[in-house]
Amino acid sequence: MKKFFKKYTPDKTVVEKYKVLKLIGSPLLHKELWQFSKRSLCGGVALGFFWGWMPMPFQMFPAAICSVILRVNFPLSLIGVWISNPITMPPMMYFAYLLGNWLLNLDPQYESFQLSIEWVGAAWNNIWEPLMLGCLLLGAISSVLAYMSMYIIWKVFIYNKMKQRQNFTK
């Protein structure tokens, strides 16, 4: 599992190449942000999933800052944010809006969503509260599920690796 993640995720040298990442500075070089331990992997994915639900542009910036503060895997926190992308974001936000309306016992103001900045700008005063509540709740739930899933994957991987070692030594 470590080999897989090391092969497909960037390492510390990425920080030296990109000026944007240099803005965060030397804390980004901390070894815990780049290691592949159970805690770091699970936390990085969970953090990315949480920020992926937030209705904002550039979700990777707060995910990056939080990964530095919480000392979880930096690349996986950024990759986890990609659950929301131009294809998945509209249905995610609409579902979060409907969930927020249901939790607040409100009738949805809008029965359809239009993918335009003008529509969101005009509707923002009516949708922000249920949307934010739905996004926060779904972000928390999906981050817990992501953490638990990565934890289980890690345990299964370690179990299989130990089983292979036992079979090899026999």
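Structural notes, computed from the coordinates.

About the criteria used
- Residues numbered from 1 in each chain as written.
- Predicted model: local features only at pLDDT ≥ 70, side-chain atom pairs only at ≥ 80, totals over all residues.
- Heavy atoms only, no water.
- Helix = DSSP H or I, 4+ residues; strand = E, 2+ residues; numbered from the N terminus.
- Buried < 20%, exposed > 50% of the residue type's maximum accessible area, 1.4 Å probe, protein only.
- Contact = heavy atoms within 4.5 Å.
- Areas by Shrake-Rupley, 256 points an atom, 1.4 Å probe, with all protein chains shown as cover.
- Expected span 1.5 Å × (residues − 1).
- Phe/Tyr/Trp six-rings, centres within 6.5 Å; stacked < 30°, edge-to-face > 60°.

1. Some thoughts on the overall build of the chain
Scanning the chain from terminus to terminus reveals eight helices and zero strands. Each helix and strand of the chain, placed in order from N terminus to C terminus, yields the pattern α-α-α-α-α-α-α-α. Scored against the burial criterion, the 170 residues of the chain give a buried share of 36%. The contacts in the chain between residues at least 6 apart in sequence include a share of 68% that link residues at least 24 apart. Of the accessible surface of the chain, which amounts to about 11,100 Å², a share of 67% is contributed by carbon and sulfur atoms.

2. Focus: helix α4 (residues 38–52)
Counted at 1.5 Å a residue, the expected span for α4 with its 15 residues is 21 Å, and the 21 Å between its end C-alpha atoms agrees. With eleven of 15 residues buried, α4 is to be regarded as a mostly interior element. When we look at burial in α4, the residues that qualify are Ser40, Leu41, Cys42, Gly43, Gly44, Val45, Ala46, Leu47, Gly48, Trp51 and Gly52.

3. Quick word on the side chain of Ser40
Mapped onto the elements of the fold, Ser40 is located in helix α4. A residue is classified by how much of its surface remains accessible, and Ser40, at 1% relative accessible area, is buried. Leave out the neighbours within four places in its chain, and Ser40 touches Glu32, Gln35, Val72 and Asn73.

4. Points about the packing of aromatic side chains
Each aromatic ring pair is described using two quantities: the centre-to-centre distance and the angle formed by the ring planes. Inspection of the entire model under this criterion finds three aromatic pairs. When the centroid spacing of 5.5 Å and the interplanar angle of 85° are considered together, the rings of Phe50 and Trp51 count as edge-to-face. Taking relative accessible area as the criterion, Trp51 reaches 17% and is therefore assigned buried. Taken together, a centroid distance of 6.4 Å and an interplanar angle of 35° make the contact between Tyr94 and Tyr97 tilted. Of the two residues, Tyr94 and Tyr97 are both situated in helix α7 (residues 89–103); the distance of three residues between them amounts to about one turn of the helix. Its relative accessible area of 5% is what places Tyr97 among the buried residues.

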